[in-house]
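Observations on chain architecture
Here are the chains, one letter per residue:
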Amino acid sequence: MGPPSSSGFYVSRVVALLLAGLAAVLLLALAVLAALYGHCERVPPSELHDRGGPHAAPSPPGRQEPARTPKPGPTLEKEVAPTPRNWRPPGPWDQLRLPPWLVPMHYELELWPRLRPEELLAPALRFTGRVNITVHCIAATARLLLHSLFLDCESAEVRGPLSPDAGDATVGRVPVDEVWFALDMQYMVLELGEALQPGSRYELQLSFSGPVYQDTREGLFLNLYTDQGERRALLASQMEPTFARNVFPCFDEPALKATFNITVIHHPSYVALSNMPKLGQSEKEDVNGSKWTVTTFHTTPHMPTYLAAFAICDYEHVSRTERGKEIRIWARKEAITAGNADFALNITGPIFSFLEDLFNISYPLPKTDIIALPTFDNRAMENWGLLMFDESLLLLQPKDKLTEKKTVISYIVSHEIGHQWFGNLVTMNWWNNIWLNEGFASYFEFGVINYFNPKLPRNEIFFSNILHGVLREDHALVSRAVSMKVENFTETNEINELFDLFTYNKGASLARMLSSFLNEKIFISALKSYLETFSYSNAEQDDLWRHFQMAIDDQSKILLPATVKSIMDSWTHQSGFPVITLNVSTGVMKQEPFYLGKVKNQTLLTHSDTWIVPILWIKNGTTQSLVWLDKSSKVFPEMQVSDSDHDWVILNLNMTGYYRVNYDKFGWKKLNQQLEKDPKAIPVIHRLQLVDDAFSLSKNSYIEIETALDLTKYLAEEDEIIVWHAVLVNLVTRDLVSDVNNHDIYPLLKKYLLKRLISIWNTYSTIIRENVATLQDDYLALISLEKLFGTACWLGLEDCLQLSRDLFRNWMNHPENEIPYPIKNVILCYGIALGNDKEWDFLLNIYNNKTKEEERIQLAYAMSCSKDPWILNRYMEYAITTSPFTFNETNIIEAVAASEVGRYVAKDFLINNWQAVSERYGTQSLVTLLYVIGRTISTDLQILELQQFCSNMLEEHQRLTVQAKLQTIKNENLKNKERSARIAAWLQKNT
């Protein structure tokens, strides 16, 4: 069968002669089309890796070179010029999912990156490779589709059918007439001379080359770094979700699992790592006589392409054995020598053992390598047998004792090890259910760490790390359910967008809610059954629900109002979450969708379904029986409260439900009375909940702001810093700080808060002064102190300002006396704000001697805290001239404009320097700057002034964008002014 016209067109020599008289414009069109695509020529496999000379430059996105595939025998070499998508008729190459014609069974994969230690800065580093893919044919087809992106095809052959009786010996060969690429859906298409037969197996033999990425951590990428004073490089891979196709042609979908035999050819000075242990090593020479090491690895279990992993590095490692299996942590040599990997090594084995025992399923691989990459975009990846971490998330340095880093490393290591069961052993069928991987791995982080650190406040940490963030972003109109329909996806980049707050945090929250309304025994029993059934296979969300239902049906203690599927689908198949409102006088409970900004007439904002809501609750401090709200409203007489001083109700025990709770005015009043009388009678997690729910509901017009403020009256008795953090985050907002000079609220807020804050301030300021080391295991304090100290200094608490001066000057005089990390941002900022050019110049000198981007950004922002206009002007001058200082980490003009003084200084600076700012940071930076400068506008006159100010700086389309955005800012500020006026009135009354 010849190639269909839809794939492009082929002009034979005879036809070309007949068409020689066509107009030159047609020839020009053909030339343009041909230039868009690469080539695929037949090269004997034995010669593939022995080519010398330079390699072709990588094809840029949106562009790939066509295939050139000869038929067997002395035939004319063929040019393939695929046409744009809208020029070819519809076909399987227009679909996001692969057609079900072939199922991969095994990959023989060889990769040869040309990385040499003496050529670290060589441009356009490339790799070559070969892959033989054994496939099972399901349906007769003369066309093969597999994934490939930015790879140049060197040769393509199809052998088979394979003979199982002769050890998979090749019976024949299927002619490959043409190879072309459908870039929209990232396919390589092989047009065959005859159809493959159903039930038979074949071997696809492909040789290819491609680029090593340097500016992105996708596919096969390069890290440049410094170790022991020398510049070095390593290569690593990131395949999830759809980047395996950037490294080798493959069937790049999670359900198409196969085994892999991997070979990596590398420079002898490097170590090669992959999913499995090393099988053997040999040596080979290239055409230039250079020697290379060939490292082969044992066969992997069945796994999806996104878990295939490789690393080539000049690293050292530390190791230990856990239950007979080796665990190695690889890192820069100086980090290993310094012991920075020891903490991760010591927790990894016990975490594996805990999860093996919990699920009664052994980790199936014979080893685990974990590698700390110098640059991995603050990520980690669970590749089976070769886990990869950004080194900032794995290595613990002595200076990290007073940071939350030790706990963060514990959580992230637990998350990635959890994936060895949720994701690696059992994989979701397709990306629409990625939450089955990420949600459960995120949930079990907390089970693991709580097991090893039972004193950690588990509920409060889950709220701070997981629940708070996603409740703030989720609402009824967000176009994102946890589990999406496959047909909703039309482009590959939509898959990447799934790795978000909803997949991780909402997924973990729903798993936690499920566990709470069952019990731990049933929850784990169902998961064991699920993991055992689908080991080395794939599952849908409904498969998980079925195993939970089986566990429920096997007992009689837990009774549910509906099937597990019905309950959980109501949470995973629709966006948002409900607000549960209880009238404590009548016992009537109702649910409604949570909207950002509720309006009285909600007819335009429809949300068709209700949720089946588990209600765990407490009354007067005692846990009550679980009830269910499985309709829009229901009466629960047992939840009514009396006028008694000791009668109160709180819904959502331990905040295990994924919803917010509202009460009628009497219900809120009873809770407020209890807080003022005996706050400790209400558990910490519920004091946290009351504050967070009340302020969120008031901000979005479900309750009055005064109701939320009433809950703060008791704060003088509050000694839990995490509760204070919730109050300050909600009350001392960025908008309020920005607008402080234009409002009456500041002196009232200062008087009100300082009176209540002084006790918690004295506790922690004393610790900072006398024994700061005691904070190193107090995770909640470490994440909360910055807001507490920042607010105290902003409110003008003299002790806070003096402590800032003392710590900053002590650091200036004795640089070895580091500022305590949890409050470093605050101390740096106020040290500069309260100082003069001496402090500023000192910080500039420190900045110039730092190499880590994170530290340089911290210092760059601190220098913008100065209140001296001449210092800020000099700072911005340095930024736009970039000499002798670089300031490449952030936009300095924006940093200056963010402060109250700096807003006016930056505006004046722009008048004379906007062209230089545009050249330094780009035209779009001017647009952003206008938003920062205009962040407090509240009148049309102010908008007009800003428009006139920027009229000659921007293009017409940018001016229109700025006008619309400023109008939005104005409207939001007017709304905030109304809210601030009510806060001020309340403060006036209660101060």
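Residues numbered from 1 in each chain as written. Predicted model: local features only at pLDDT ≥ 70, side-chain atom pairs only at ≥ 80, totals over all residues. Heavy atoms only, no water.

Identification of the chain as Aminopeptidase from Balaenoptera musculus is taken from an unreviewed UniProt entry. Per UniProt, the comment on the chain under Subcellular location (unreviewed entry) is "Membrane". The UniProt entry for the chain carries the following text under Subunit (unreviewed entry): "Homodimer." (UniProt positions renumbered as here; feature names shortened; annotations may be inferred.)

Side note on the overall build of the chain
When its secondary structure is counted, the chain shows 29 helices and 33 strands. Buried positions account for 58% of the 991 residues belonging to the chain. Carbon and sulfur atoms make up 51% of the accessible area of the chain, which amounts to about 40100 Å² in all. (Helix = DSSP H or I, 4+ residues; strand = E, 2+ residues; numbered from the N terminus. Buried < 20%, exposed > 50% of the residue type's maximum accessible area, 1.4 Å probe, protein only. Areas by Shrake-Rupley, 256 points an atom, 1.4 Å probe, with all protein chains shown as cover.)

Describing the pairing of strand 8 (residues 176-182)
For strand 8, a buried count of seven out of seven residues is recorded, marking the element as mostly surrounded by other parts of the structure. Counted along the chain from strand 8 to the antiparallel partner strand 9 (residues 187-196), the turn is four residues long, and its residue Q186 has a positive phi close to 65°. (Pairing = 2+ DSSP bridges.)

Topic: the nonpolar core
If you look at the biggest cluster of nonpolar residues, it comprises 329 residues, and the most contacted ones within it are L190, F248, W421, I615 and L651. Per-element accounting of this core gives the leading share, 11 residues, to helix 18 (residues 745-770). (Core = buried A, V, L, I, M, F, W, Y, C linked by side-chain atoms within 4.5 Å.)

A few points about the UniProt feature "active site" (unreviewed entry) in the chain
When the UniProt feature table is mapped onto this chain numbering, "active site" (unreviewed entry) sits at E416. Within the fold, E416 resides in helix 5 (residues 405-418). Classification of E416 by relative accessible area gives buried; the value is 5%. For E416, the residues in contact, after removing those within four places along its chain, are A380, M381, E382, L387 and F389. (Contact = heavy atoms within 4.5 Å.)

As for the packing of helix 24 (residues 869-881) against helix 26 (residues 900-921)
Running from N to C, helix 24 and helix 26 cross one another at 15°; their axes reach a closest spacing of 10 Å. With respect to their mutual orientation, helix 24 and helix 26 come out roughly parallel. Where helix 24 crosses over helix 26, the handedness of that crossing is right-handed. For the pair helix 24 and helix 26, the contacting residues are P869, L872, N873, M876, E877, A879 and I880 in the first and V901, G902, V905, A906, F909, N913, A916, V917, R920 and Y921 in the second. Within the contact of helix 24 with helix 26, the residues separate by chemical class into 12 nonpolar, three polar and two charged. (Axes fitted to C-alpha atoms, helices over the stretch in contact; angles between N-to-C directions. Parallel < 35°, antiparallel > 145°, perpendicular 65-115°, else oblique. Left-handed = near helix turned anticlockwise from the far one by under 90°. Nonpolar A, V, L, I, M, F, W, Y, C, P; charged D, E, K, R; others polar.)

Description of the side chain of S784
Its location among the elements puts S784 in helix 19 (residues 779-794). A residue is classified by how much of its surface remains accessible, and S784, at 1% relative accessible area, is buried. Once residues within four sequence positions are removed from consideration, S784 is found in contact with I721, I722 and H725.

A few points about the state of the cysteines
Considering all chains together, one arrives at two disulfides under this definition. Disulfide pairing is shown between C793 and C800; the S-S distance is 2.0 Å. Taking the torsion about the S-S bond as the criterion, the C793 to C800 disulfide, at about -90°, is left-handed. (Disulfide = S-S within 2.5 Å.)

Some thoughts on the pairing of strand 11 (residues 219-227)
Of all nine residues that make up strand 11, seven are buried, and the element is covered over most of its length. In the sheet, strand 11 pairs with strand 12 (residues 230-238) via nine bridges, with the strands oriented antiparallel. When the bridges of strand 12 are listed, G219 appears paired with Q238. What sits between the antiparallel neighbours strand 11 and strand 12 is a turn of two residues, in which Q228 has the positive phi angle 55°.

Section: the sheet that holds strand 33 (residues 660-663)
Read from one edge of the open sheet, four strands run 31-26-25-33, paired in mixed fashion. Taken across any chain shown, the strands that pair with only one partner, and hence form the sheet edges, are strand 31 (633-635) and strand 33. With strand direction ignored, the average angle separating the axes of adjacent strands in the sheet is 20°. Two elements, strand 25 (residues 578-583) and strand 33, share four bridges in a ladder whose sense is parallel. By the bridge assignment for strand 33, T581 is matched with N662. With respect to the sheet, helix 14 (residues 684-699) is in contact with strand 25 and strand 33, its orientation differing from that of strand 33 by roughly 80°.

A few points about empty space enclosed by the protein
Throughout the structure, instances matching the rule amount to six cavities of 30 Å³ or more. Of the voids in this model, the largest cavity is the one considered here, and its volume is about 80 Å³. Forming the boundary of the largest cavity are E322, R323, K325, I327, F352, S353, E356, Y363 and T368. Sorting the residues of the lining of the largest cavity by element identifies strand 19 (325-331) and helix 4 (342-359) as the ones contributing at least two each. Among the elements that make up the lining of the largest cavity, the one with the highest residue count is helix 4 (three residues). Counted by class, the lining of the largest cavity contains three nonpolar, two polar and four charged residues. (1 Å grid on protein atoms, 1.4 Å probe; cavity = no way out; pocket = protein on both sides within 12 Å on 5 of 7 lines; lining within 4 Å. Points joined across faces, edges and corners; volume = space filled by probe spheres on them.)

Focus: helix 10 (residues 520-533)
Working note: α-helix, 3.6 residues per turn, so residues spaced by three or four point in the same direction. Under the 1.5 Å per step criterion, the end-to-end length of helix 10 is 20 Å for 14 residues, consistent within 8% with the ideal 20 Å. Turning to helix 10, its buried residues are I522, F523, I524, A526, L527, Y530 and L531. Packing partners of the buried residues in helix 10 comprise helix 4, strand 23 (426-428), helix 6 (435-452), helix 9 (501-517), strand 24 (537-539) and helix 11 (541-553). You can read the cap of helix 10 off the contacts: a side-chain oxygen lies 3.1 Å from the backbone nitrogen of K521, and it is on N519. (Expected span 1.5 Å × (residues − 1). Polar contact = N/O pair within 3.5 Å; in protein donor to acceptor, adjacent residues only side chain to side chain.)

Thoughts on unusual backbone geometry
The linkage connecting G160 with the following residue, P161, adopts the cis geometry, with an omega of 5°. That bond from E240 to P241 is cis: its omega, 0°, falls within 30 degrees of zero. Within the element layout of this structure, P241 appears in the loop between strand 12 and strand 13 (259-266). A positive phi angle is found at N378, which is not glycine, with a value near 55°. Tracing the backbone shows N378 in the loop between strand 20 (367-373) and strand 21 (380-381).

Points about the sheet that holds strand 4 (residues 152-159)
Strands pair in a sheet through their backbones, by hydrogen bonds, and they do so in one of two ways: parallel or antiparallel. Taking strand neighbours across the sheet as the criterion, the eight strands line up as 7-4-10-2-1-13-16-15 in an open arrangement whose pairing is mixed. At either end of the open sheet lies a strand with only one pairing partner, and these are strand 7 (173-174) and strand 15 (278-285). Of the pairings in the sheet, the one linking strand 1 (residues 102-113) to strand 13 comprises six bridges and is parallel in character. Along strand 13, the bridge assignment pairs L111 with V264.

A short note on the layout of surface pockets
In this approach a probe as big as a water molecule rolls over the atoms, and the regions it shows empty are the leftover space. Estimates place the volume of the second largest pocket at around 660 Å³. In this structure, the second largest pocket is lined by 28 residues; those nearest its centre are N378, A380, H415, E416 and Y504. Secondary structure elements with two or more residues in the lining of the second largest pocket: strand 21, helix 5, helix 6, helix 7 (458-473) and helix 9. Top contributing element to the lining of the second largest pocket by residue count: helix 5, with five residues. Counted by class, the lining of the second largest pocket contains 14 nonpolar, eight polar and six charged residues.

A word on the pattern of salt bridges
For the structure shown, the criterion picks out 45 salt bridges. For E253, the salt bridge identified is with R97, shortest N-O distance 3.3 Å. Highlighted residues: E253 in the loop between strand 12 and strand 13 and R97 in the loop between helix 2 (24-35) and strand 1, separated in sequence by 156 residues. Residue E253 is classed as buried on the basis of its relative accessible area of 8%. The shortest N-O distance in the salt bridge between D500 and R480 comes to 3.0 Å. Within this pair, whereas D500 is found in the loop between helix 8 (493-496) and helix 9, its partner R480 is found in the loop between helix 7 and helix 8, the two being separated by 20 residues in sequence. According to the relative accessible area criterion, R480 is buried, its value standing at 7%. Among the charged side chains, a salt-bridge network with shared partners connects D227, E230, R232, D314 and K333. (Salt bridge = Lys/Arg side-chain N within 4 Å of Asp/Glu carboxyl O.)

Brief notes about the packing of helix 13 (residues 665-677) against helix 14
Contact geometry for helix 13 and helix 14: axes closest at 12 Å, N-to-C directions at 135°. Put simply, helix 13 runs oblique to helix 14. Regarding helix 13 and helix 14, the two cross each other, and that crossing is left-handed. Across from W668, L671 and L675 in helix 13, the residues of helix 14 making contact are R687, L690, A694 and L697.

Re the packing of aromatic side chains
Aromatic ring pairs are defined here through the distance separating the ring centres and the angle between the ring planes. Per the stated rule, a full pass over the model turns up 45 aromatic pairs. With centroids separated by 6.2 Å and ring planes inclined at 50°, the aromatic side chains of F359 and W421 adopt a geometry described as tilted. One end of the pair, F359, is in helix 4; the other, W421, is in the loop between helix 5 and strand 23, and 62 residues separate them in sequence. Like F359, the residue W421 is buried in the burial classification. Taken together, a centroid distance of 6.2 Å and an interplanar angle of 55° make the contact between W431 and F499 tilted. Note that W431 is positioned in the loop between strand 23 and helix 6 and F499 in the loop between helix 8 and helix 9, a separation of 68 residues in sequence. Residue classification places F499 among the partly exposed residues on the basis of a relative accessible area of 24%. What links up through ring pairs into an aromatic cluster is the set F352, F359, Y363, W421, F422, W435, F440, Y443, F444, F523, W545 and F548. Stacked on the ring of Y931, the Lys or Arg K965 has its end atom at 5.7 Å from the ring centre. (Phe/Tyr/Trp six-rings, centres within 6.5 Å; stacked < 30°, edge-to-face > 60°. Lys NZ or Arg CZ within 6 Å of the ring centre and 35° of its normal.)

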